Structures are given as structure tokens and as C-alpha cells.
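Chain residues, written in single-letter form:
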Amino acid sequence: MEQRISLITLGVRDKARAAAFYDALGWQRAPGHEGVIAYDLLGQTLGLFELEELAKDIGVPVETLGHGGLTLAHNLRSRAEVEDLLSRAEAAGATILKPAQEVFWGGYHGYFADPEGHVWEIAHNPLSPLRAGDGAFRWQGYPED
């Protein structure tokens, strides 16, 4: 699996309030699909940090961190690549939460949980093709050069 996070999805109880927060930070909304509010980001970094140390750094008991409504998404160029990556993840010890299937927004996706329980969406989104070469993701795709 390439070292890439394509889309971070936050589950929120009040979408309008959450969007107002990010808007207030000066983030610009990207054109999106119905039901989703999106903000294109530049580069991302994923850090792995001991849970106990993270709680200590924040200054809260580890139980406070809990499990939120969060998925990490890895977008691919085709449905076949989605199937392949889900199979490889399962073989490596992931638990398949949702087998690959068509989704309401026109794409194809499935979900797995890694051995620590982190949830990944593996998707092909024909409405947001990956950039040629590096495979970078943008919500509505890249304009043609």
C-alpha cells in the first residue's frame, strides 16, 4: 500500500455547525457531492504516537480519547485496485467491515479495520480522478494540464 491518505472523513453530529467552524478558520469549501462538505487540503502527515503518551500530552485520561467517527480513505484508480487492496489488507490481518460495492455517490468502495481498529475506506471515485503520475487526490479531481 502506498503511503497516502486521500480523504479524512469526520463524522459530526451537526454538519452546519462543524462547517461554520472550518469556514471561520478561513478554509475554503470545495465543490462537493450532496451530503458532503469538503475542504481540499495541501500536504498531510500521519504520525503514529503511543496512545498513553498522547493522552499524557493532552493532559487527559486515556479513556477520554475513546473512538470517534473517523475514517481514513485511500483512493485508487479502478474498482479492481479496490478489490486487490481489500484482499491484501485482509491477508495482512485487517478485518473487512464492508466488502467492496457500489456506493450512492457513483463510486465503488469498501471498508476495513486495521489490527488496532482504525477504519480505512478503500475507494475508486470516478468523479475525482487521481492526478497522473503521483496519484494525488483532490475532491473534484485535477484540471487537465
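Preceding this paragraph is the structure being described.
Computed from a predicted model, the values in this text were never measured in an experiment. (Residues numbered from 1 in each chain as written. Predicted model: local features only at pLDDT ≥ 70, side-chain atom pairs only at ≥ 80, totals over all residues. Heavy atoms only, no water.)

**Re the pattern of salt bridges**
Okay, step 1: Following the criterion strictly, the structure yields four salt bridges and no others.
Okay, step 2: Here Arg79 makes a salt bridge to Glu102, at a shortest N to O gap of 3.4 Å. Of this pair, Arg79 sits in helix H4 (residues 79-91) while Glu102 sits in strand E3 (residues 95-102); the two residues are 23 residues apart in sequence, bridging distant segments of the chain.
Okay, step 3: Using a relative accessible area of 56% as the deciding quantity, one classes Glu102 as exposed.
Okay, step 4: In this structure, the salt-bridge partner of Arg131 is Asp134, at a minimum N-O distance of 2.5 Å.
Okay, step 5: Taking the relative accessible area as the measure of exposure, Arg131 reaches 34% and is therefore partly exposed.
Okay, step 6: On the basis of relative accessible area, Asp134 is assigned to the partly exposed category, the value being 45%. (Salt bridge = Lys/Arg side-chain N within 4 Å of Asp/Glu carboxyl O. Helix = DSSP H or I, 4+ residues; strand = E, 2+ residues; numbered from the N terminus. Buried < 20%, exposed > 50% of the residue type's maximum accessible area, 1.4 Å probe, protein only.)

**Brief notes about H4**
Since there are 3.6 residues in each turn of an α-helix, residues three or four apart along the chain are aligned in direction.
Okay, step 1: Under the 1.5 Å per step criterion, the end-to-end length of H4 is 19 Å for 13 residues, consistent within 8% with the ideal 18 Å.
Okay, step 2: All of the buried residues along H4 are Val82, Leu85, Leu86 and Ala89. Take H4 and look down its axis: the buried residues cluster within an arc of 100°, on one side only. Exposed side of H4, more than 90 degrees from the buried face: Ala80 and Ala91 are the residues found there.
Okay, step 3: Those residues of H4 that are buried lie in contact with strand E2 (70-76), E3, strand E4 (108-113) and strand E5 (119-124).
Okay, step 4: Just downstream of H4, Gly93 is the residue with a positive phi angle, here 120°. (Expected span 1.5 Å × (residues − 1). Arc of directions from axis to C-beta. Contact = heavy atoms within 4.5 Å.)

**Describing the side chain of Thr71**
Okay, step 1: Among the secondary structure elements, Thr71 is positioned in strand E2.
Okay, step 2: Here Thr71 falls in the buried class, since its relative accessible area comes to 15%.
Okay, step 3: Among residues more than four places away in sequence, those in contact with Thr71 are Leu7, Ile8, Thr9, Tyr111 and Val119.

**Regarding the pairing of E4**
Okay, step 1: Burial within E4 is extensive, with six of its six residues counted as buried.
Okay, step 2: Judged by which residues are buried, E4 turns out to be covered on both faces: Tyr108, Gly110 and Phe112 on one side and His109, Tyr111 and Ala113 on the other are all buried.
Okay, step 3: Looking at chain direction, E3 and E4 are connected through five bridges and run antiparallel. The partner of Ile96 across the bridge, within E4, is Phe112.
Okay, step 4: Turn length for the E3-E4 hairpin, with the two strands adjacent in sequence and antiparallel, is five residues, and the turn residue Gly106 shows positive phi of about 100°. (Pairing = 2+ DSSP bridges.)

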